[in-house]
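# Architecture and fold: a report
Chain by chain, the residues:
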Amino acid sequence: DAGITQSPRYKITETGRQVTLMCHQTWSHSYMFWYRQDLGHGLRLIYYSAAADITDKGEVPDGYVVSRSKTENFPLTLESATRSQTSVYFCASTRGADYNEQFFGPGTRLTVL
Amino acid sequence: AQKITQTQPGMFVQEKEAVTLDCTYDTSDPSYGLFWYKQPSSGEMIFLIYQGSYDQQNATEGRYSLNFQKARKSANLVISASQLGDSAMYFCAMREPGFQKLVFGTGTRLLVSP
């Protein structure tokens, strides 16, 4: 039972480079989310998806792009990485309405130099 | 806009004692959900407990209970009989009605001493 996985777990990149963070879940959950965690801010929602091919912006979407062609995958792309995007990124999923728990992946620690 | 406030950046408690972590929220919607998550030093987010706005009773899960005071808009987490393994960051979060996305507080770091 793999659950929800993220790759890579650690990534160092340079300013201006494109980076894609992968998220995969094995439960066929409808909803998937990307959060970033920064000191003093808790977790903030970047993008979310209610189903395949349905995505919407969260609180801090600028500089990020998402896609969801398959239910189980929800990649997050930083089109041109900036130092302010250095953060820990969490992917999460939930079955949908009337289900209370969001399941989180292990996180990806991204450093932009 | 919905908001979650955790005013305690850090808390200390001795092993076997109870501790309360504060959380207040702000919303104009009558239907919402409140969550607590634990984040140990290893980094993963662990779901602890959930309270629905229409739930009559306070939620409990083992040593965790949620002290829900709707009129005060507070949803404090109570950990009874603290253990060393309870040392972690704790986040309060609220779910917007009609959506599944969560709004998080800034967290409280709990240290449990022997």
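## Looking at the state of the cysteines
- Enumeration according to the criterion identifies two disulfides over all chains in this entry.
- Each sulfur in the disulfide pair C23(A) and C91(A) lies 1.8 Å from the other. Across the disulfide from C23(A) to C91(A), rotation about the S-S bond amounts to roughly -75 degrees, and the bridge is consequently left-handed. Note that C23(A) is positioned in strand β3 (residues 19-25) and C91(A) in strand β9 (residues 87-94), a separation of 68 residues in sequence.
- With a sulfur-sulfur separation of 2.0 Å, C23(B) is cross-linked through a disulfide to C92(B). Judged by the sign of its S-S torsion, about -65 degrees, the cystine formed by C23(B) and C92(B) is left-handed. In this pair, C23(B) is assigned in the loop between β3 (19-21) and β4 (24-26) and C92(B) in strand β10 (residues 88-95), connecting sequence segments 69 residues apart. A single burial state applies to C23(B) and to C92(B), both of which are buried.

## Considerations on the nonpolar core
Residue and element names in this part refer to chain B.
- Among the nonpolar cores identified, the biggest contains 24 residues, and Y25, L34, W36, I49, L77 and Y90 are the most heavily contacted of them.
- For this core, the secondary structure elements donating two or more residues are β3, β5 (33-39), β6 (46-52), β8 (64-69), β9 (74-79), β10 and β12 (108-113).
- For this core, the element with the highest residue contribution is β10, accounting for four residues.

## Observations regarding the side chain of Q85(A)
Residue and element names in this part refer to chain A.
- Checked against the element boundaries, Q85 lands in the loop between β8 (76-78) and β9.
- A polar atom in the side chain of Q85 sits 3.3 Å from the backbone oxygen of G63.
- Setting aside its immediate chain neighbours within four residues, Q85 contacts R36, D62, G63, Y64, L78, S80, L110 and V112.

## Section: the pairing of β5(B)
Residues and elements named next belong to chain B.
- Most of β5 is tucked away, with seven of its seven residues classed as buried.
- In β5, alternate side chains face the same way, and those of G33, F35, Y37 and Q39 on one face and L34, W36 and K38 on the other are all buried.
- Bridge count for β5 against β6 is six bridges, and the pairing is antiparallel. Considered in β6, the bridge of F35 is made with Y50.
- Hairpin connection between β5 and β6: a loop of six residues separates the two successive antiparallel strands, and G43 in this loop has a positive phi of roughly 105 degrees.
- Relative to β10, β5 runs antiparallel, the two sharing seven bridges. Looking across to β10, one finds that K38 is bridged to Y90.

## Here we look at the interface of chain B and chain A
- Of the residues lining the interface, 16 residues belong to chain B; the matching set on chain A comes to 21 residues.
- Carbon and sulfur atoms make up 57% of the area that chain B and chain A hide from each other, which totals about 1500 Å².
- Summed over the three residues of chain B that lose the most area to chain A, namely Q100(B), K101(B) and F104(B), the buried surface amounts to 37% of that side.
- Connecting chain B to chain A are zero salt bridges.
- Applying the counting criterion to the chain B and chain A interface returns three residue pairs in polar contact (both at pLDDT 80 or more).
- Counting residues per element, the ones that place at least two in the side of chain B that touches chain A are β5, β6, β10 and β11 (102-104) of chain B.
- For the side of chain B that touches chain A, the element with the most residues is β5(B), which contributes three residues.
- Considering only residue class, the side of chain B that touches chain A consists of nine nonpolar, five polar and two charged.

The rules we used
- Residues numbered from 1 in each chain as written.
- Chains lettered and ligands numbered in written order.
- Predicted model: local features only at pLDDT ≥ 70, side-chain atom pairs only at ≥ 80, totals over all residues.
- Heavy atoms only, no water.
- Disulfide = S-S within 2.5 Å.
- Helix = DSSP H or I, 4+ residues; strand = E, 2+ residues; numbered from the N terminus.
- Buried < 20%, exposed > 50% of the residue type's maximum accessible area, 1.4 Å probe, protein only.
- Core = buried A, V, L, I, M, F, W, Y, C linked by side-chain atoms within 4.5 Å.
- Polar contact = N/O pair within 3.5 Å; in protein donor to acceptor, adjacent residues only side chain to side chain.
- Contact = heavy atoms within 4.5 Å.
- Pairing = 2+ DSSP bridges.
- Buried area = accessible area lost by both parts, 1.4 Å probe.
- Salt bridge = Lys/Arg side-chain N within 4 Å of Asp/Glu carboxyl O.
- Nonpolar A, V, L, I, M, F, W, Y, C, P; charged D, E, K, R; others polar.

As far as function goes, none of this settles anything; it's purely spatial.
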